[in-house]
Structures are given as structure tokens and as C-alpha cells.
Amino acid sequence: MAGIVQFENVGLRYGTGAETLSDLSFSLAQGGFYFLTGPSGAGKTSLLKMLYLAQRPSRGSIRLFGEDVVQLRRTRLPGFRRRIGMVFQDFRLIPHLSAFDNIALPLRIAGVDERDLVTPVREMLAWVGLADRASARPPTLSGGEQQRVAIARAVIGRPEMLVADEPTGNVDPEMAARLLHLFDALNTLGTTIIVATHDIHLLSRVASANVMRLDRGQLQDPTGALRYPPRPDFGQEARP
Amino acid sequence: MMMFGASKADRRLLPEGRLAGPMPWVIAIMMFLTALAAAGGLAMESAAARLGADLGRQVTVQIVLADPAKRDQEADAARQLLARQQGVTEVRRIGNDEMQALLRPWLGDAGLERDLPLPAMIDVSLSRAGRDRLGAITNALRTAAPHARLDDHASWLAPLVSLIRALGLLAGGIVALMVGATAAAVVLAARTALNTHRQTIDVMHLMGATDVQIARLFQRRIALDALFGGVLGLVGAVGVILLLGERMREIGSELVGSIALPWTAWIVLLALPLLAGVLALTVARITVQRALGRTL
Ligand SMILES: Nc1ncnc2c1ncn2[C@@H]1O[C@H](COP(=O)(O)OP(=O)(O)O)[C@@H](O)[C@H]1O
Ligand SMILES: [Mg+2]
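Residues numbered from 1 in each chain as written. Chains lettered and ligands numbered in written order. Predicted model: local features only at pLDDT ≥ 70, side-chain atom pairs only at ≥ 80, totals over all residues. Heavy atoms only, no water.

The next subject is the overall build of chain A. The secondary structure content of chain A amounts to six helices and 10 strands. In terms of overall dimensions, chain A is globule-like: its C-alpha atoms have a radius of gyration of 18 Å, near the 18 Å expected for 240 residues. Taking all 240 residues of chain A together, the buried fraction comes to 54%. A fraction of 67% describes how many contacts in chain A between residues 6 or more apart in sequence connect residues 24 or more apart. Element-wise, carbon and sulfur atoms account for 49% of the exposed surface of chain A, whose accessible area totals about 10,500 Å². Each charge sign in chain A was given a centre, from 28 positive and 24 negative side chains, and these centres are 5 Å apart. (Helix = DSSP H or I, 4+ residues; strand = E, 2+ residues; numbered from the N terminus. Rg over C-alpha atoms; globule rule 2.2 N^0.38 Å. Buried < 20%, exposed > 50% of the residue type's maximum accessible area, 1.4 Å probe, protein only. Contact = heavy atoms within 4.5 Å. Areas by Shrake-Rupley, 256 points an atom, 1.4 Å probe, with all protein chains shown as cover. Lys, Arg positive; Asp, Glu negative; His and termini not counted. Charge placed at Lys NZ, Arg CZ, Asp CG, Glu CD.)

Printed below as a string of C-alpha cells:
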């Protein structure tokens, strides 16, 4: 299977200090489900930022959907970003827009007709259990509800790749299970999923998932050796 | 308005309503001053054009002789000679009654009753060609009427016209400065708006919004704000202009009266707020796109 993401000797340095991430080389298979774990401060968010094109690496090469994105011209970035769904660790909902409008945002940016977006947005609201909060603004929602709006917004556009940063950090275990089930369903439809989490209990929830572990800026066995629970054939997929 | 370009859907991306901040009011004040300067400049320009067109087309011939008979004789000779000259379109002797009427306010009836030796005066209108051969006409006049003195209106109108022209240029300069200041106000407003909505813009960017899409959100609002300020300022300025016009008409002087606004000037004034809107639109778009160009 073709790699949807390929990192080669990627390093990231903020300012002049030591490298936050060093020597990352790995390949993610299209249609795969990946967990990215590691202690807080390990660099999970930093890695995801490079994945969703919010941060350029200091060195190395990143290929996304088969193209080198490090040297990509600015004008071509929007086209790539529209193929990626993102759940930010801090949600980044737009406070003055209703839950409905927040979820509709990616569709509006992509130029979807107003008439064509009402049904999908309503369905998505129902799927994350917020059908009755459509017109609520984020500041009036609980942390968990905001998180669900953020997830709905990330998946509404049926992205080819979904990048989620601690997407279950603010919800109870039951809701966490439901959200993971949503990701799994999306994965079955072909979306590549990358979920960063420091919650190791989550890892056992998706049977087919690969696990990558970041520690002090280094990636440990990016090919699935740390699968949870380990599988006899680990490391055979996702290798370049 | 389509020219401010943002679909209804786009408009839902930022909170509705005017942008906060003083920009509309700053633009209103600047539009007020700009409209006054522009009106002044345009009035000066049209007055200068009108005076310039008359400039030197009028000359007056005076014959100063104590002896009334000789005076009349030279006056007739001068009149006949002038009437025959090429380029002279009209010759008219100012009658005694008319002269006395002109002088009465200064001398009074008593002053006029005495046998005051008034000069004979002849108004002469020239064509453009006549103006060019004024020297030849003067020479011919000197032989026909040795005591005739020719008074060229151009000699005292010319400095006035050049003063008026200079004032008109000054007004034009002020308008240009105001355009610059308005653009600067828009740049500041656009930057403030960008900072206020930084988070929204970042999120939209990461979801694949293009710079053009984001710029559209801002340029429309800023242009509408500028249009609002512009209309407000213009209304104030037009009020002042109408009031001033009223006062000038009361003075009733011919010179002041020639300072009037032609209808073309009114069109220019009414177009000013629209121009402010378009200027704001363009400046806002450039500012936003340049700011976004510095981000990833
Ligand atoms: N924008 C930034 N500027 C400077 N340092 C940063 C920035 N973002 C993250 N870091 C640093 O990089 C390291 C990794 O952070 P992060 O990627 O957020 O880790 P994680 O998501 O695994 O908790 C931390 O030490 C953090 O302080
Ligand atoms: Mg993080």
C-alpha cells in the first residue's frame, strides 16, 4: 500500500535550543489507524503540526499524498489542507459562531452550497450527540461538548487523513469510546487516522491500530512494533 | 453590492456588524475636510477659468482733456478708429449719465453739479485675435487721439487669476494628502481587525482557506465602514458649502459671485465617498494579503 505520509530524517527545532524532534523517519500507510503516544512534552503536538502543515520542519523531508510539502509554494497549501481533518488539542472553535456554523466551516471554505451543507451538518451534530445544541456558541458548551464539536468539524469534510491531538482528553470514558468508534467507522471508509494521546487505555480500544511512541523527541519503533496489544505480524505493514 | 464581494456564506465566518474602532469616524472627519478642500479647489479652478477667458478681452480707453469739445472730438475719433480695427468686437462710449451715476456715491450730487471735468471713457471688447494685436491697436489709437490712454484689464486681473490658480493647486495638494491619510487609517484598521480575529484566521487557514477568501471577509467590512464614514463626512461638508454659498450670494459682489460650484464639481463631490470605499477596499485587501503572506 502506498505511504500517505513519509518522513525522512525530519528534525524540528524551535528557536535556538535543542531539537524538539530529531531524526524522524517513518511511513504511514494509506487507510491505516495510528496512535501516537508518549509523555506530555514529548513532541506529539509538534509532530502533528508538521503533519497538518502548520509547521515546517527545520530539516529533513516530508511527503504528503505523494508530494514533497516542505518546499511547497504557499498558494498550494490550501489544497493540501482541505484533504486533512484536524482536531486541535485546544479545540480552536470559533467563539462567535454557533456549533452548527463551526461544524459547517470546512464545507463553507471548500465552497459547498448552503443548501447542500445543512443535512450533513445536522447528521454530524446528531452523531456526536449534540443535535439539540446546534445554535449554542462554544463558550456556552462544556469542555466535552466543545471537543465533540471540534471532532465533528474535523470529520465533516470526509478528509483523506484525520489528525487528532488528544481528542478524548475532556470527555468521560463512555464518550471517549463512542468517539473512537466514530474514528474507527471513518477509518473503515478509507480515512487514514492519526490520534495523539497520552492515555494508554485508549490504545486497546481499536484492534487494528498501530502504535508509535515518542520519547524525548525520538520516535521508537515507528513501524508498529509497539502495537498494543502486540500482533504477531507487527511491522509488516507501513514499512516503506 | 457585488463589488465588495463576499457571499452570504462568507459573511457568516466573522461576527456580523461593523468593525469596532474609530476608523469610520476618522474617515468621516477626513472626508469632511477633503470635500471642503475639493469644493474650494474646484470653485477656484472654475473661477480662474472664467476670469482667464475674459482676461484681456476687455480694455478701457480714457481720454483726459479739460476742454469738453476737444474731448468729445478725440473720443469720436478714437471710437471710429477702434470700430474699424480688426479683432475689435464691440466699442461703446460710456455716456455722461452713466458716468455720473457711477460717481455719485463718492462725490454726491453737489460734487457732480460743479462742472467736473470727467474723462471720456470707451469700453472695448476684443476677440482673441484682437488681443494679440493690442500693440498695433494702441499705436493706431495714439495717432488718432493723442490724449487717449488705454487701460488693459489683464494687467490687474492676471495676478488675481494666478493667485486663484495657486489656491486651487493648494486645494488639490490637500486632497492628495487626505487620500494618503485615509489609506493609512485603513491600513491601521485592517491590521487591528487582523489582530482581533487572529484565532479565527489561523483556524480558517489550517482548514484550507485561501488568502483571497480571508481578505474578502475583511475588505468588505472595511469598505462598508469607509463608505459610511465617507457619506457622513460628505453630508457635513455639503451643509457647510451650501451655507457658504448663501453668504456669498448675500455679498453680491461680482468677483465673489464668480466663485461658484459648477455642476461637474457636485458630481465629483458625490463620488468622493464611493471613491473612499473603493480605496478602502483595495488598501484593506493589499494589507490583509501581505500580512497573510508572512504566515505559513
Ligand atoms: N511554539 C513553540 N515554541 C517553542 N517551544 C515549543 C513550541 N511548541 C512546543 N514547544 C516545546 O516543544 C516540546 C514538545 O511540545 P509538544 O509538541 O506540545 O509536546 P506534547 O504534545 O507531546 O505534549 C515542549 O518542550 C514544548 O515546550
Ligand atoms: Mg500536545
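Text resumes after the structure shown.
This brings us to the coordination of the magnesium ion (ligand 2). Under perfect tetrahedral coordination by four donors, a metal shows angles of 109.5 degrees; under perfect octahedral coordination by six donors, it shows angles of 90 or 180 degrees. Residues and elements named next belong to chain A. Around the magnesium ion (ligand 2), the donor atoms from the protein are Thr45 (OG1) and Gln89 (OE1), and they sit 2.0 to 2.3 Å away. Of this pair, threonine 45 sits in helix α1 (residues 44–51) while glutamine 89 sits in the loop between β6 (84–87) and α3 (99–109), and the two are 44 residues apart along the sequence. Accessibility expressed as a relative area gives 41% for glutamine 89, which makes it partly exposed. (Donors = N, O, S within 2.8 Å, 3.2 Å for Na, K, Ca; no water.)

Before going further, it helps to spend a moment on the nonpolar core. All names here are of chain A. Core analysis: the biggest nonpolar cluster contains 43 residues, and Phe33, Phe35, Ile103, Val121, Leu125 and Phe183 have the highest contact counts within it. Of all elements in the fold, only β3 (33–37), α3, α4 (114–127), α5 (143–155), β7 (161–165), α6 (173–188) and β8 (192–196) reach the threshold of two or more residues within this core. Ranked by residue count, the leading element in this core is α6, at seven residues. For this core, the two domains that each supply at least three residues are domain 1 (1–83 + 160–240) and domain 2 (93–158). Apart from the residues lying within four places of it in its own chain, the contact partners of phenylalanine 33 are Leu180, Phe183, Asp184, Asn187, Ile193, Val195, Val206, Ser208, Ala209 and Asn210. Core analysis: the next-biggest nonpolar cluster, separate from the first, contains 38 residues, Ile62, Val69, Phe88 and Leu214 among them. (Core = buried A, V, L, I, M, F, W, Y, C linked by side-chain atoms within 4.5 Å. Domains from an automatic or database assignment.)

Moving on: the site of ligand 1. Residues and elements named next belong to chain A. In the vicinity of ligand 1, the residues found are Tyr14, Thr20, Pro39, Ser40, Gly41, Ala42, Gly43, Lys44, Thr45 and Ser46. The separation between an oxygen atom of ligand 1 and a polar main-chain atom of alanine 42 is 3.3 Å. Glycine 43 places a polar main-chain atom, nitrogen or oxygen, 3.0 Å from an oxygen atom of ligand 1. Each residue belonging to the shell around ligand 1 can be placed in one class, and the counts come to three nonpolar, six polar and one charged. (Near = heavy atom within 4 Å. Polar contact = N/O pair within 3.5 Å; in protein donor to acceptor, adjacent residues only side chain to side chain. Nonpolar A, V, L, I, M, F, W, Y, C, P; charged D, E, K, R; others polar.)

To continue, consider the sheet that holds strand β9 (residues 210–215) of chain A. Residues and elements named next belong to chain A. Pairing is mixed across the open sheet formed by six strands, whose spatial order is β6-β7-β8-β3-β9-β10. Two strands lie at the open edges of the sheet, namely β6 and β10 (218–220), each paired on one side alone. For this sheet the average axis-to-axis angle between neighbouring strands, irrespective of direction, equals 20°. Across four bridges, the pairing between β3 and β9 is parallel. Within β9, the residue paired with phenylalanine 35 across the bridge is valine 211. (Pairing = 2+ DSSP bridges. Axes fitted to C-alpha atoms, helices over the stretch in contact; angles between N-to-C directions.)

Attention now moves to the side chain of A:Glu145. All names here are of chain A. Residue position: glutamate 145 is located in helix α5. A polar contact is formed between the side chain of glutamate 145 and the backbone nitrogen of serine 142, at a distance of 2.9 Å. Filtering out sequence-adjacent residues up to four positions away, glutamate 145 remains in contact with Leu130 and Arg133.

Take α5(A) next. A rise of 1.5 Å per residue sets the reference length of α5(A), with its 13 residues, at 18 Å; its end C-alpha atoms lie 19 Å apart and thus fit the reference within 8%. Taken across its 13 residues, α5(A) has 12 buried, putting it largely inside the fold. Inspection of α5(A) places A:Gly144, A:Glu145, A:Gln146, A:Gln147, A:Arg148, A:Val149, A:Ala150, A:Ile151, A:Ala152, A:Arg153, A:Ala154 and A:Val155 among the buried residues, and these make up the whole buried set. Against β6, α3, α4, β7 and α6 of chain A together with α8 (198–206) of chain B lie the buried residues of α5(A). (Expected span 1.5 Å × (residues − 1).)

The topology assignment puts A:Thr188 in helix α6. Between the C-alpha atom of A:Thr188 and that of A:Thr140, which follows or precedes it by 48 residues, the distance is 34 Å.

Turning to the sheet that holds strand β1 (residues 3–12) of chain A, a few remarks are in order. Pairing between sheet strands relies on hydrogen bonds along the backbone, with the strands arranged either parallel or antiparallel. All names here are of chain A. The four strands are arranged β2-β1-β4-β5 in an open sheet whose pairing can be described as antiparallel. Each edge of the open sheet is held by one strand with a lone partner, namely β2 (21–29) and β5 (67–68). Pairing of β1 with strand β4 (residues 59–64), which is carried by five bridges, proceeds in the antiparallel orientation. When the bridges of β4 are listed, glutamine 6 appears paired with arginine 63. Docked against the sheet, α1 engages β1, β2 and β4, running at close to 125° with respect to β1.

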